[in-house]
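A closer look at the structure
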Amino acid sequence: MTAEADPNLIVYFGGQYVPLREARIGILTHALHYGTGVFEGIRGYWDDAEHQLFLMRPREHYERWKQNCRILRIDVPASPEELCAITLELMRRNAFRTGVYVRPLAWKCAERIGVSIDDQDAFAVVALPFGEYLHSDKGLHAGVSSWRRIEDNAIPARAKICGAYVNSALASDDARQSGFDEAILLNESGHVAEGATCNLFMVRSDDLITPPITENVLEGITRASVIGLAFRELGLRVVERAIDRSELYVCDELFLTGTAVGIAPVVRVDHRPVKDGEVGAITREVRRLYFEAARGHLRAYRKWVVPARLSQIEPEPQAVSLAEASVI
Ligand SMILES: Cc1ncc(COP(=O)(O)O)c(C=O)c1O
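Residues numbered from 1 in each chain as written. Predicted model: local features only at pLDDT ≥ 70, side-chain atom pairs only at ≥ 80, totals over all residues.

1. Overview of the nonpolar core
Note the threshold: The term nonpolar core means buried Ala, Val, Leu, Ile, Met, Phe, Trp, Tyr and Cys residues held together as one set by C-beta atoms within 7 Å. Counting other C-beta atoms within 10 Å of a residue's own tells you its class, since 20 or more makes it buried, 12 or fewer makes it exposed, and anything in between is partly exposed; those C-beta atoms are placed from the backbone. By convention here, the domain bounds are inherited from an automatic or database domain assignment. Whether two residues are in contact is decided by their C-beta atoms, placed from the backbone, lying within 7 Å.
Counting residues in each nonpolar core, the largest one holds 93 residues, and the members touching the most others are Val38, Val125, Met202 and Val266. Both of domain 1 (10–129) and domain 2 (140–305) provide at least three residues apiece to this core. Residue contacts for methionine 202: discarding those within four places in its chain leaves Ile209, Ile243, Glu247, Leu248, Cys251, Glu253 and Leu254.

2. A short note on helix H2 (residues 58–69)
We count it as follows: By definition, any uninterrupted DSSP run of H or I lasting at least four residues is a helix, any uninterrupted run of E lasting at least two residues is a strand, and each is numbered from the N terminus. A helix's residues, less one, multiplied by 1.5 Å, set its expected span.
Between the first and last C-alpha of H2 there are 16 Å, a value that for twelve residues agrees with the 16 Å anticipated at 1.5 Å per step. Here H2 lies mainly inside the structure; ten of its twelve residues are buried.

3. Some thoughts on the domain arrangement of the protein chain
Rules: Three residue categories are used. Nonpolar comprises Ala, Val, Leu, Ile, Met, Phe, Trp, Tyr, Cys and Pro, charged comprises Asp, Glu, Lys and Arg, and polar comprises the others, including Gly.
Examined at the domain level, the protein chain breaks down into domain 1 (10–129) and domain 2 (140–305). Using C-alpha coordinates to define each centre, domain 1 is positioned 25 Å away from domain 2. Of the residues lining the interface, 25 residues belong to domain 1; the matching set on domain 2 comes to 15 residues. Looking at the side of domain 1 that touches domain 2, the elements that each hand over two or more residues are helix H1 (30–34), strand S3 (37–39), strand S4 (42–47), strand S5 (52–56) and H2. A class-by-class count of the residues in the side of domain 1 that touches domain 2 yields twelve nonpolar, six polar and seven charged.

4. A closer look at the site of the ligand
Quick reminder of the rule: Being near a molecule or strand means, for a residue, that its backbone-placed C-beta atom lies within 6 Å of it.
Among the 15 residues in the neighbourhood of the ligand, the closest are listed as Leu218, Gly220, Thr222, Gly258 and Thr259. Elements with a contribution of two residues or more to the shell around the ligand: helix H5 (221–232) and strand S14 (253–258). When residues in the shell around the ligand are grouped by element, the largest group, three residues, is from H5. Looking at the shell around the ligand residue by residue, the classes come out as four nonpolar, nine polar and two charged.

5. Digging into the environment of proline 19
In this fold, proline 19 is placed in strand S2 (residues 16–19). For proline 19, a count of 13 C-beta atoms within 10 Å puts it in the partly exposed group. Sequence separation between proline 19 and alanine 85 is 66 residues; the distance between their C-alpha atoms is 18 Å. In this structure proline 19 touches Pro7, Asn8, Leu9 and Ile10, once residues within four positions along its chain are discounted.

6. Description of the pairing of strand S8 (residues 140–148)
This is how the line gets drawn: Any two strands with at least two DSSP bridges between them are considered paired. With the strands pointing away from the viewer, any crossover whose connection runs clockwise from the first strand over the helix to the second is right-handed.
Relative to strand S15 (residues 262–269), S8 runs parallel, the two being bridged by three bridges. Counted as the bridge partner of alanine 142 is valine 269 from S15. Of the pairings in the sheet, the one linking S8 to strand S9 (residues 182–186) comprises four bridges and is parallel in character. Bridging from a neighbouring strand, alanine 142 pairs with glutamate 182 of S9. Crossover S8 to S9 through helix H4 (residues 165–177) is right-handed.

7. Examining unusual backbone geometry
Residues other than glycine seldom take positive phi values, yet arginine 57 does so here, at roughly 50°. Counting through the fold element by element, arginine 57 comes out in the loop between S5 and H2. Here arginine 73, not a glycine, exhibits a phi torsion of approximately 55°, which is positive. For arginine 73, a count of 12 C-beta atoms within 10 Å translates into the label exposed.

Encoded structure:
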């Protein structure tokens, strides 16, 4: 799904809360020409039972955003706590009663010609109602793309750098034109990197396997959540290692993870069924746990979610460290 925005939505832009239709940038803006921006994506899940909107790990998203802005020497002059507070204010001003997607964006804002960067930075936060991004209940058909994942020494894939998303857009468009639901990109060494907008996990012999963050993948927060849930709640061995393309054809289960896609099972790859072509048991369980956690239903993971109607941010969520999850 793509989210069309209501021009009357209230967004945070230029240090103020303004209607979306008034949040405009100039045609010569550096980031528009050269891709010199860094964005984030945060989900809010509406829970009918509690009549509450829960933001999923907002502080971690803002920490990652600020960290990744350093790659482009963009300064966001607000702390993660202040950014969480801005986001909660947007929830309140827009009176959302549905799932939402929050899109923070920081960019090089000088209006001039010339690729070199300076210290003129701007940032905005937009939140809009958002449903399912990929209809993945029954499982997706993914295709390995002929586009390769960008290399760290060209454009770092670990950050959500605006210009880097040309790579995702080309792969995603190509996959859809070819009848696939999503693209899987290989890196320049021929190993599986990730989907166009999501990380990838494979199950083989009851091990949960995902490429390490040095394989040109985005350092996904959903990926970290899944690693923690799989290890602690399902007792799975979680392994970070390079994945060959042909392992996608012989694995037991395959799924994609991301803020927008959630946990999306893949049941066919390159016209071959994954195992028996059905959503696997581990995938189903990981998906269930993740969405329970995201709606604040799992007590142990309640620290991951921030209820939108509170004026106070809850205590800092614990980062899921790979060491903690005993990843091999
Ligand atoms: C290329 C790419 N990989 C992975 C992800 C998943 O990251 P996260 O789980 O932090 O949303 C995204 C999210 O947008 C992405 O764009």
